[in-house]
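Fold and geometry: a report
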Amino acid sequence: MRDHKIKNIESSLLSDNYYILKKFSFDYLMSSGKWVNQMREVYDRGDGAGILLYNTLKKTVILTKQFRMPTYLNENPDGMLVEICAGMLDKDNPEACVIRETEEEVGYRLKAVKKVFEAYSSPGVMTEKMHFFIGEYTDDMKVSSGGGLEEEHEDIEVLEIPFSEAIDMLNQGDIHDTRTIVLLQYAQIHKLLD
Ligand SMILES: Nc1nc2c(ncn2[C@@H]2O[C@H](COP(=O)(O)OP(=O)(O)O[C@H]3O[C@H](CO)[C@@H](O)[C@H](O)[C@@H]3O)[C@@H](O)[C@H]2O)c(=O)[nH]1
Ligand SMILES: [Mg+2]
């Protein structure tokens, strides 16, 4: 049963300024058998999808680099973060989302992508579920220089680097985005670029 441990769920809106932040109160049945009242703030900004782009001929991957304000506020000196290509689903399904984001952010028009798993981004605070993909790219799929949408003030640097260099960065602790770490490790485990 879905909710046998939870009852009396109430919510109030704290902010709908851009996305939705709500405060939830609910009664939760502890494993001890005692009901306790809990309060949690939950941020809902929809779901997301991301993709590791790799080229088996050149043994390269494409990553992005962009300013991320929340990281700037938490010990990332210049706020710049190396990440997989990713975006929010909007009204798309996850596959359409990664294909669209790949063209917008890095300028490649993909033919096929493969979903590898889905996972909650930050389960204590956000509803967001992230859909993870891998996708092969070749030079002839390039249709623009990418960089993101001007109207959304996206300013994305496209990094096409040898897979071995990406793994060196990972091992040296220079990649600070969980989604990027898991997909690079997926590529290693599944020997996508051996
Ligand atoms: N004005 C305003 N604009 C915002 C705000 N938050 C996001 N945006 C706009 O929404 C765009 C979202 O771009 P996407 O490429 O769709 O998403 P993303 O920021 O790359 O997010 C991806 O990575 C996140 C993790 O860092 C994921 O959380 C997310 O699901 C997705 O995969 C941003 O460029 C920005 O213009 C906000 O609070 N205010
Ligand atoms: Mg993005």
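Conventions and cut-offs
- Residues numbered from 1 in each chain as written.
- Chains lettered and ligands numbered in written order.
- Predicted model: local features only at pLDDT ≥ 70, side-chain atom pairs only at ≥ 80, totals over all residues.
- Helix = DSSP H or I, 4+ residues; strand = E, 2+ residues; numbered from the N terminus.
- Buried ≥ 20, exposed ≤ 12 C-beta atoms within 10 Å, placed from the backbone.
- Core = buried A, V, L, I, M, F, W, Y, C linked by C-beta atoms within 7 Å.
- Contact = placed C-beta atoms within 7 Å.
- Near = placed C-beta within 6 Å.
- Nonpolar A, V, L, I, M, F, W, Y, C, P; charged D, E, K, R; others polar.
- Pairing = 2+ DSSP bridges.
- Axes fitted to C-alpha atoms, helices over the stretch in contact; angles between N-to-C directions.
- UniProt positions renumbered as here; feature names shortened; annotations may be inferred.
- Expected span 1.5 Å × (residues − 1).

Side note on unusual backbone geometry
The phi torsion at Lys59 lies on the positive side, around 55 degrees, for a residue other than glycine. For Lys59, the location among the structural elements is in the loop between strand S4 (48-55) and strand S5 (60-67). Here Glu75, not a glycine, exhibits a phi torsion of approximately 75 degrees, which is positive. By the C-beta count within 10 Å, which is 7 here, Glu75 ends up exposed.

What about the nonpolar core?
Ile51, Leu52, Leu53 and Val61 are the most contacted members of the largest nonpolar core, which has 27 residues in total. Of all the secondary structure elements, the ones that give two or more residues to this core are S4, S5, strand S7 (85-88), helix H2 (94-106), strand S9 (129-136), helix H3 (163-171) and helix H4 (178-189). Ranked by residue count, the leading element in this core is S4, at 5 residues. When residues no more than four places from it in sequence are discounted, the contact partners of Val61 are Leu52, Leu53, Tyr54, Ile161, Phe163 and Ala166.

Regarding the site of ligand 1
In the vicinity of ligand 1 lie 13 residues, with Tyr18, Gly48, Ala86, Gly87 and Glu152 positioned nearest. Looking at the shell around ligand 1, the elements with two or more residues in it are S4 and S7. If one sorts the elements of the shell around ligand 1 by residue count, S7 sits on top with 3 residues. Residue classes in the shell around ligand 1 are distributed as 4 nonpolar, 5 polar and 4 charged.

Side note on the sheet that holds strand S3 (residues 35-44)
One open sheet holds the 3 strands; their spatial order is S1-S2-S3, and the pairing between them is antiparallel. Every other strand in the sheet has two partners, leaving strand S1 (6-15) and S3 as the edge strands with one partner each. Within the sheet, the average angular offset between the axes of one strand and its neighbour, ignoring direction, is 20 degrees. With 10 bridges joining them, strand S2 (residues 20-29) and S3 adopt antiparallel strand pairing. Bridge pairing in S3 links Ser25 to Met39.

Topic: the UniProt feature "domain: Nudix hydrolase" (unreviewed entry) in the protein chain
When the UniProt feature table is mapped to this numbering, "domain: Nudix hydrolase" (unreviewed entry) covers residues 44-183. Each end of residues 44-183 is marked by a C-alpha atom, and these two atoms are 24 Å apart; helix forms 23% of the span and strand 33%.

Remarks on the environment of Asn76
Within the secondary structure, Asn76 is located in the loop between helix H1 (69-72) and strand S6 (80-83). The class of Asn76 is partly exposed, set by 15 C-beta atoms lying within 10 Å. As a C-alpha pair, Asn76 and Leu193 span 117 residues in sequence and 30 Å in three-dimensional space. If we skip the residues at most four places from it in the chain, Asn76 touches Thr71, Leu81 and His176.

Quick word on H2
The end-to-end C-alpha distance of H2 is 17 Å, a good match for the 18 Å that 13 residues give at a rise of 1.5 Å each. Those residues of H2 that fall on the buried side of the exposure criterion are Pro94, Cys97, Val98, Ile99, Glu101, Thr102, Glu105 and Val106. For H2, the secondary structure elements touched by its buried residues are S4, S5, S7, strand S8 (114-120), S9 and strand S10 (157-162). Looking one or two places after H2, you find Gly107, whose phi comes out positive at around 85 degrees.

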